[in-house]
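Below, each chain spelled out in residue letters.
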Amino acid sequence: MRLDYNGQPMFYLKLFADFEEIEKRKAFIENYGSIKQEEEETFFGVREETLDEKKPTAKYGREGQDEYRRKLLEECPFCPITMINEESLLIASHIKPWAVSDSKERIDPNNGFILSPLYDKLFDRGYITFSEDKRVSISNWLSRQVKDRIGIKENQIFQFLPMNNDRAKYLEYHRDTVFKG
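This is a predicted model, so every value here is computed, not measured.

S.K.: In this structure, what is going on with the side chain of Q65? I would like to understand it.
M.R.: You can see Q65 is positioned in helix α4 (residues 65–75). Ignoring anything within four residues of it in the chain, the contact list for Q65 reads H94, W98 and R106.

Laid out in C-alpha cells, this is it:
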C-alpha cells in the first residue's frame, strides 16, 4: 500500500485470477500451436485433406448468449449508469452469475442488465449492487479513492435501470450472495 502526502492510501495491490476468462480461453490454450502444425503437414504447399478428417473446433461463446444480449439491448439499448449506447462497448451482465444459474436462468433477460465494462466488472465482482428502487450500494471493499473515482455515489438512483419483479428476485440473490457489503 502506498500513502499520499496526507498519509492516506493512494492505491492497493491485489492479485486476482480471472477463472472465467481462463475457462473461456481454454480451447485456444489447448489447441495452441495446432495451426502451425497443420501448415507443416503440407506437401509442396498443398495440404491433402480427407473427407473423414475432423478438426477440433473451439467454442468461445456461451450457448444462448447472443439471444440473451439481443433481448437485453431491446429493453435498454444503453448502460443505465453511463448512458453509453455504443453496442460494441456494452456487456450483457448476469445478475445471478452464470456459473450458479440453471439453464433457464442463464438465458432469462430478467437475470441481466446491459452495462459498460467498468460497471459490469464492479457488479460482477460484487463491488456494487442495486435495490428494487434502483439505488446503488457500493462495497466497503473498495478504497475511498476508488469510490470517489468510479463516478457514482452510495444510494444514487439510476432511473433508467430496468426493474421488474423478476429482476428484483435476482437482485435479492445478488445482494445476499455476490455483493461484498
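After that view, the rundown keeps rolling.
S.K.: Looking at this model, I keep getting lost on helix α6 (residues 117–124). Mind explaining?
M.R.: Owing to its 3.6 residues per turn, the α-helix aligns residues three or four sequence positions apart on the same side. Along α6, the residues that are buried comprise Y119, D120, L122 and F123. All buried residues of α6 fall inside an arc of 165° around its axis, so they share one side. The inward-facing, buried residues of α6 abut β3 (91–94), β4 (112–115), β5 (128–130) and α8 (165–178). Looking one or two residues beyond α6, the residue adopting positive phi is G126, at roughly 85°.

S.K.: Help me understand the pairing of β4 in this model?
M.R.: A regular strand places its side chains on the two faces of the sheet in alternate fashion. Because side chains alternate across β4, one face comprises the buried residues G112 and I114, and the other comprises F113 and L115, equally buried. As judged from the four bridges shared by β3 and β4, these two strands associate in the antiparallel manner. Paired with A92 across the two strands is I114, which belongs to β4.

S.K.: Sorry if this is basic, but what is going on with the packing of aromatic side chains here?
M.R.: The geometry of an aromatic ring pair is captured by the separation of the ring centres together with the interplanar angle, meaning the angle of the planes. Inspection of every chain in the model, using the stated rule, returns five aromatic pairs. Ring plane angle 35° and centroid distance 5.7 Å describe the contact between F123 and F130, whose orientation is recorded as tilted. For the pair shown, F123 and F130 are each scored as buried. Residues F130 and F158 carry aromatic rings whose centres are separated by 6.4 Å and whose planes lie at 85° to one another, so their mutual orientation is edge-to-face.

Calculation notes
Residues numbered from 1 in each chain as written. Predicted model: local features only at pLDDT ≥ 70, side-chain atom pairs only at ≥ 80, totals over all residues. Heavy atoms only, no water. Helix = DSSP H or I, 4+ residues; strand = E, 2+ residues; numbered from the N terminus. Contact = heavy atoms within 4.5 Å. Buried < 20%, exposed > 50% of the residue type's maximum accessible area, 1.4 Å probe, protein only. Arc of directions from axis to C-beta. Pairing = 2+ DSSP bridges. Phe/Tyr/Trp six-rings, centres within 6.5 Å; stacked < 30°, edge-to-face > 60°.

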